[in-house]
Amino acid sequence: MAKKNEIPALILSFATTLVLLAGGLWWVARYTDLGRSLSQSLPQGGPILGSKSSSKIPLDERLSVGERLLVTSITSADKEAGIRAIASGNYAEAVTALEAALRQNRNDPESLIYLNNARIGTQKSLTLAVAVPTIAEADTAQEILRGVAQAQQQINTTGGITGVPLRIAIANDDNDPAVATQVAQALTNDRSVLGVIGHFSSGTSLAAAQVYQQSGLVMVSPTSTSTRLSGFGNAIFRTVPSDRFTATTLSRYLINSAKRENAALYFNANSDYSKSLRDEFTTALLSDGGQVVAEINVADPGFNAQASLQQATQQGANVIVLATTTTTLNQALQIIAVNQNRLPIAGGDDLYTSKLLQQGGQNATDMVVAVPWILLSNPNTPFVSKARQLWGGDVNWRTAMAYDATLAMVAGLVPDPSRKGLQSTLSGSGFTAQGATGAIRFLPSGDRNQAMQLVRVEAGSRSGFGYDFIPVKP
């Protein structure tokens, strides 16, 4: 039995234990609700603010609901203050700082996502993650994040998902299949994450899809087009049409409109997307009465644009088809430059980039690119109007497809806001949602049944580079 003078000490010790236990339970609950098991520990001094090179970033520093700066190319004092405030749990201060950051630069989707997360604070929420290469492909990452941010803003300002707000977690996968696999595992382990928007390239999506499919966590890619994703599993979807649609559209245009049947096909042998488009285009062109007379791997260390084009011409090529990637855009630009408008050029959606307009210039004039959506074909839709208000300019197909991917997931969570419920709803034959590009429906393969559109490079002032992508009239 305790002595009389020990009783106060025992009571004090017991009370202290209860306080610590309650505090610990509160912290765990708060961390789980915010999706913070994505990044389980912050280093002393606060959030990571891009101090490490992309390849050396530890896994727990690649994931954030607002406590880390992931898009290191866009920052400001106010943005960093908002991030630090979220990391410390001061959401009112974070809202004030991030609103100030967006007044300085409204074209920053990471800030808008973090602002919407801060406005939720410790309220109950439903969490979706978006996986993008925030450093390795920063421009593309921001294009995708704009679509996700616009959808989150729209959902949360109109009542949430049956009254519950949407929280967005961002993951940086470096556009690297090995890193994407680790990121996918981390997102799978965090039970607060109900679905994943991403990944960007077909290679990273294929690697991550193995993890998601095994666990039943839904992935909806807005940008991965490889046919290898078709029928991958009942948890894998995409809002962008597959390469089969792109190949068919390009082939029919070349045969029926351009009257060109012998193609020199340039591709990147290190890319799943590029090899998929190469294979599908070769088949489509043969079916339409043409042929690929030369295949050139632009990733070959000995690649020479001038020599390859000369040889392809000698083999009878009367059109150039570029199935190149963002990582081999420089090689594509070399081909465009040495061609000097002699042969018509057509290409896949990875060539839809401002850099092609800026550096291709006159030599890219009349080049035709297949894309799933272009603003000029849908200039007066609510999505386009709101995008201009938010970002102060035009958006491209990657933003539209990411917006659609987010809205599809949100619609899928309405009947049953769980991982299993989302997968079941999206897989249902009657599922449909309305997106930026019209109705969103998925085939049994997880693919979206939607036609591609053709755009042509023409002189213009919209892009600011002297050339624009303009829809090709049917």
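Description of the structure in this document. Every value quoted in this text rests on a predicted model; they were computed, and no experiment measured them. (Residues numbered from 1 in each chain as written. Predicted model: local features only at pLDDT ≥ 70, side-chain atom pairs only at ≥ 80, totals over all residues. Heavy atoms only, no water.)

1. Comments concerning the overall build of the chain
- What the chain contains, in helices and strands, is 15 helices and 15 strands.
- Expressed as a percentage of the 474 residues in the chain, the buried residues total 56%.
- Contacts in the chain between residues at least 24 apart in sequence constitute 67% of all its contacts with a sequence separation of at least 6.
- Within the structure as shown, the chain displays about 19,300 Å² of accessible surface, and the carbon and sulfur contribution to it stands at 51%. (Helix = DSSP H or I, 4+ residues; strand = E, 2+ residues; numbered from the N terminus. Buried < 20%, exposed > 50% of the residue type's maximum accessible area, 1.4 Å probe, protein only. Contact = heavy atoms within 4.5 Å. Areas by Shrake-Rupley, 256 points an atom, 1.4 Å probe, with all protein chains shown as cover.)

2. Quick word on the nonpolar core
- With 99 residues, the main nonpolar core has Val130, Tyr266, Leu322, Met367, Trp373 and Phe469 as its most contacted residues.
- Among the elements that make up this core, the one with the highest residue count is helix α14 (residues 397-413) (11 residues).
- Each residue touching Met367, except ones within four places of it in the same chain, is listed here: Leu322, Ile336, Ile345, Leu351, Leu356, Val455, Arg456 and Val457. (Core = buried A, V, L, I, M, F, W, Y, C linked by side-chain atoms within 4.5 Å.)

3. A word on the sheet that holds strand β8 (residues 291-297)
- Here seven strands make up an open sheet; going across it, the order is β8-β7-β9-β10-β11-β14-β15 and the pairing mixed. Looking at which strands have only one partner, the edges of the open sheet turn out to be β8 and β15 (467-471). On average, adjacent strands in this sheet sit at an angle of 25 degrees to one another, irrespective of strand direction.
- Bridge analysis of strand β10 (residues 345-347) against strand β11 (residues 368-371) gives two bridges, and the strand direction is parallel. By the bridge assignment for β11, Gly347 is matched with Val369.
- The strands touched by helix α8 (residues 243-257) are β9 (319-323), β10, β11 and β14 (453-459); relative to β14, the strand with the most contacts, the crossing angle is about 60 degrees.
- Across the face of the sheet, helix α11 (residues 329-339) comes into contact with β7 (262-267), β9 and β10 while running at roughly 165 degrees to β9. (Pairing = 2+ DSSP bridges. Axes fitted to C-alpha atoms, helices over the stretch in contact; angles between N-to-C directions.)

4. A few points about the pairing of β11
- Neither face of β11 is left uncovered, since the one carrying Val368 and Ala370 and the one carrying Val369 and Val371 both have all their residues buried.
- Handedness of the β10-helix α12 (residues 354-360)-β11 crossover: right-handed.
- Note: β11 against β14, four bridges, orientation antiparallel. Each residue of the ladder has a partner; that of Val369, found in β14, is Val455. (Right-handed = clockwise from strand over helix to strand, strands pointing away.)

5. Topic: the packing of helix α10 (residues 305-314) against α11
- Where α10 meets α11, the closest approach of the two axes is 9 Å, and the angle between their N-to-C directions is 60 degrees. Between α10 and α11, the angle falls in the class oblique. The handedness of the crossing between α10 and α11 is right-handed. Residue-level inspection shows Ala305, Gln306 and Leu309 of α10 in contact with α11, the latter providing Gln334, Ile335, Val338 and Asn339. (Parallel < 35°, antiparallel > 145°, perpendicular 65-115°, else oblique. Left-handed = near helix turned anticlockwise from the far one by under 90°.)

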